[in-house]
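In case you want the letters, here they are:
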Amino acid sequence: MSTIRTYFQGIFEVIQSTRKGMALTWKHAWNARKQRTVHQIQDTNYFSQPDGIVTLEYPALQIPTPVNGRYQLHNEMDDCIVCDKCVKVCPVDCIDIEPIKATGLIGHASDGSPIRLYAAKFDIDMSKCCFCGLCTTVCPTECLTMTSEYDFSVFEVKEHNFSFANLSPVEAEEKRRLYEQFVAEKAAMKELDSQASSGASPDENSLKSEEPSAKPKPAFKPSFKKVANPDENSLKSEEPSAKPKPAFKPSFKKVANPEENSPKSDGPASDVQDSSSTDQLPTPK
């Protein structure tokens with residue numbers, strides 16, 4: 001009796017759960033009669049739409065990506081100056097560049113920067129990219145950007161390697177050979193100019209090179225004070241030294257003697273004159 005009751009009780013629970021599930025499904029289906037409006041992720045009510053159809057017919061219909069989204073990398077080679085900054089800053093080494101020097105100015109970027117290098121190889125491996133955006137930050141001409149393309153799934157990993165080189169392998173080899181030839185011609189011209197400036201033929205230069213070179217003259221020769229001989233100093237010390245001349249010699253005024261100033265007496269007339277003169281003169285203190 002208990003077994004039959006348990007059997008029918010299980011059937012009843014299944015019917016009840018099915019009824020509740022279907023009621024919830026029909027409720028959401030009735031509320032989702034209208035399509036949800038498309039909002040940007042920056043909008044405040046982006047996640048506040050509880051009702052409505054959200055499934056899109058991809059890829060015919062796609063939700064718009066944010067403006068500052070970081071997705072697939074792209075390089076505009078016409079503005080690239082092959083400065084190699086993106087390679088140095090990449091934390092996962094997903095960018096590989098092989099530059100080739102040009103013999104002259106190739107052109108100018110959109111911002112006026114001169115282009116003097118060819119890019120024989122400019123590969124970006126998107127399977128390694130961590131979408132940090134550092135390469136786009138350091139790019140001086142802003143030729144490296146992150147596009148809004150986020151769906152680049154492939155069956156082979158090698159297809160994630162995007163090539164942006166502006167030279168084919170044959171053209172790269174030709175540019176490399178032209179630059180080597182340019183460097184060789186420049187070195188030869190420099191050697192000819194040096195020979196012409198010296199004004200000697202190659203035979204004379206070879207003969208001069210065989211001769212022993214003169215001792216180079218020092219750029220600065222220090223001068224030293226002459227040290228006197230001890231014997232000479234001893235002899236000079238034995239000689240009588242001259243009396244040193246004083247730096248200053250004072251001068252004094254000569255004081256006259258009173259007796260010399262008085263006239264000499266030659267006779268009696270002079271005595272009388274002297275007595276009269278002495279009487280008139282005041283007595284000295």
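Source: prediction; values computed, not measured. Sequence order sets the numbering: in each chain, residues are counted from 1 along the sequence as written. Reporting in this predicted model follows two pLDDT cut-offs: at least 70 for local features of residues, and 80 or more for side-chain atom pairs to be given and counted; totals over whole chains, interfaces and linings ignore these cut-offs and use all residues. Heavy atoms throughout the structure, all of them, feed into the side-chain values; hydrogens and water do not.

### Structural notes on the pattern of salt bridges
When charged atoms on two side chains of opposite charge get close, those side chains can pair. The criterion, for reference: The rule for a salt bridge is simple: a side-chain nitrogen of Lys or Arg has to be within 4 Å of a carboxyl oxygen of Asp or Glu. For the purposes of this entry, the term helix denotes a DSSP run of H or I that reaches at least four residues, the term strand denotes a run of E that reaches at least two, and both are numbered from the N terminus. Burial status follows relative accessibility: with a 1.4 Å probe on protein chains alone, a residue under 20% of its type maximum counts as buried, one over 50% as exposed, and anything between as partly exposed.
Tallying each qualifying case throughout the model produces 4 salt bridges. Salt-bridge contacts for Lys121 lead to Asp96; the nearest nitrogen and oxygen are separated by 2.8 Å. One end of the pair, Lys121, is in strand β5 (residues 117–125); the other, Asp96, is in strand β2 (residues 95–101), with 25 residues separating them in the sequence. A relative accessible area of 30% places Lys121 in the partly exposed class. In this structure, Arg177 and Glu174 form a salt bridge, with 2.6 Å as the shortest nitrogen-oxygen distance. Here Glu174 and Arg177 lie together in helix α4 (residues 169–198), a separation of 3 residues that amounts to about one turn.

### Examining the nonpolar core
Here is the rule: Side-chain atoms within 4.5 Å are what join buried Ala, Val, Leu, Ile, Met, Phe, Trp, Tyr and Cys residues into a set we call a nonpolar core. Whether two residues are in contact is decided by their heavy atoms, any of which lying within 4.5 Å being enough.
Core analysis: the biggest nonpolar cluster contains 21 residues, and Leu73, Cys86, Ile95, Phe122, Ile124 and Leu144 have the highest contact counts within it. Per-element tally for this core: the top contributor is β5, with 3 residues. Apart from the residues within four sequence positions on either side, Ile124 is in contact with Leu73, Cys94, Ile95, Leu144, His160, Asn161, Phe162 and Phe164. One finds Ile100, Tyr118, Ala120 and Leu167 within the second-largest nonpolar core, a separate group that totals 6 residues.

### Things to note about the environment of Glu149
Along the chain, the position of Glu149 falls in the loop between β6 (144–146) and β7 (161–163). Along the sequence, Glu149 and Leu73 sit 76 residues apart, while their C-alpha atoms lie 8.7 Å from each other. Discounting chain neighbours no more than four positions away, the residues touching Glu149 are Tyr71 and Gln72.

### Side note on the sheet that holds β7
Rules: By definition, two strands form a pair when at least two bridges between them are found by DSSP. Here the axes come from fitting lines to C-alpha atoms, over the contacting stretch only for helices, and the angles between their N-to-C directions go from 0 to 180 degrees.
Judged by pairing direction, the sheet is antiparallel, and its 3 strands sit side by side in the order β2-β5-β7 without closing on themselves. Each of the sheet's edge strands pairs with one partner strand only, and the pair in question is β2 and β7. Averaged over all neighbouring strand pairs, the angle between strand axes comes to 15°, with direction disregarded. Judged from the 7 bridges that link them, β2 and β5 form a sheet pairing that is antiparallel. Paired with Ile95 across the bridge in β5 is Ile124. Against the sheet, α4 makes contact with β2 and β5, and its axis sits at roughly 45° relative to β2, the strand it touches most.

### Notes on the state of the cysteines
The line we're drawing: Working definition: a disulfide is two cysteine sulfur atoms within 2.5 Å of each other.
According to the stated counting rule, one finds 0 disulfides in the structure shown. Between Cys80, a cysteine without a disulfide, and Cys143, which holds the nearest cysteine sulfur, the sulfur-to-sulfur distance is 4.2 Å. Exposure remark for Cys80: the relative accessible area of 7% places this residue in the buried category. Cys132 supplies the cysteine sulfur nearest to Cys130, a cysteine that is in no disulfide, at a spacing of 4.0 Å. Relative accessible area serves as the criterion here: at 41%, Cys130 is assigned to the partly exposed category.

### Some remarks on empty space enclosed by the protein
Applied cut-off: The way it works is a 1 Å grid over only the protein atoms, where trapped points that fit a 1.4 Å probe form a cavity and open points with protein on both sides within 12 Å along at least five of seven lines form a pocket, and then any residue with an atom within 4 Å of a point lines it. Grid points are joined across faces, edges and corners, and a volume is the space filled by probe spheres set on the points. Basically, the charged four are Asp, Glu, Lys and Arg, the nonpolar ten are Ala, Val, Leu, Ile, Met, Phe, Trp, Tyr, Cys and Pro, and anything else, Gly included, counts as polar.
Tallying each qualifying case throughout the model produces 2 cavities of 30 Å³ or more. Estimates place the volume of the largest cavity at around 90 Å³. Together, 15 residues line the largest cavity, and Cys80, Cys83, Cys86, Cys139 and Cys143 are the ones closest to its centre. By residue class, the composition of the lining of the largest cavity is 11 nonpolar, 2 polar and 2 charged. Size it by volume and the second largest cavity reaches roughly 70 Å³. Around the second largest cavity sit 13 residues that line it, and Cys90, Cys94, Cys129, Cys132 and Cys135 are the ones nearest its centre. Of the residues that constitute the lining of the second largest cavity, the class distribution is 12 nonpolar, 1 polar and no charged.

### Considering the confidence of the model for the protein
Residues shown with low pLDDT carry predicted positions that ought not to be read at fine detail. Put simply, the rule is: The predictor attaches a confidence to each residue, called pLDDT, with possible values from 0 through 100.
Averaged over the protein, the pLDDT score is 76; the fraction of residues at 70 or greater is 68%. Per-residue pLDDT stays below 50 along residues 262–281; that stretch engages in 4 contacts with residues further than four places along the chain or on separate chains.

### Focus on the environment of Cys90
Within the element layout of this structure, Cys90 appears in the loop between α2 (85–89) and β2. By relative accessible area, Cys90 is classed as buried at 12%. As for Cys90 and Cys132, which are separated by 42 residues in sequence, their C-alpha atoms are 8.7 Å apart.

### Some details on the side chain of Thr141
Mapping Thr141 onto the fold places it in the loop between α3 (134–138) and β6. In this structure Thr141 touches Asp79, Cys80, Ile81, Ala109, Asp111 and Ser113, once residues within four positions along its chain are discounted.

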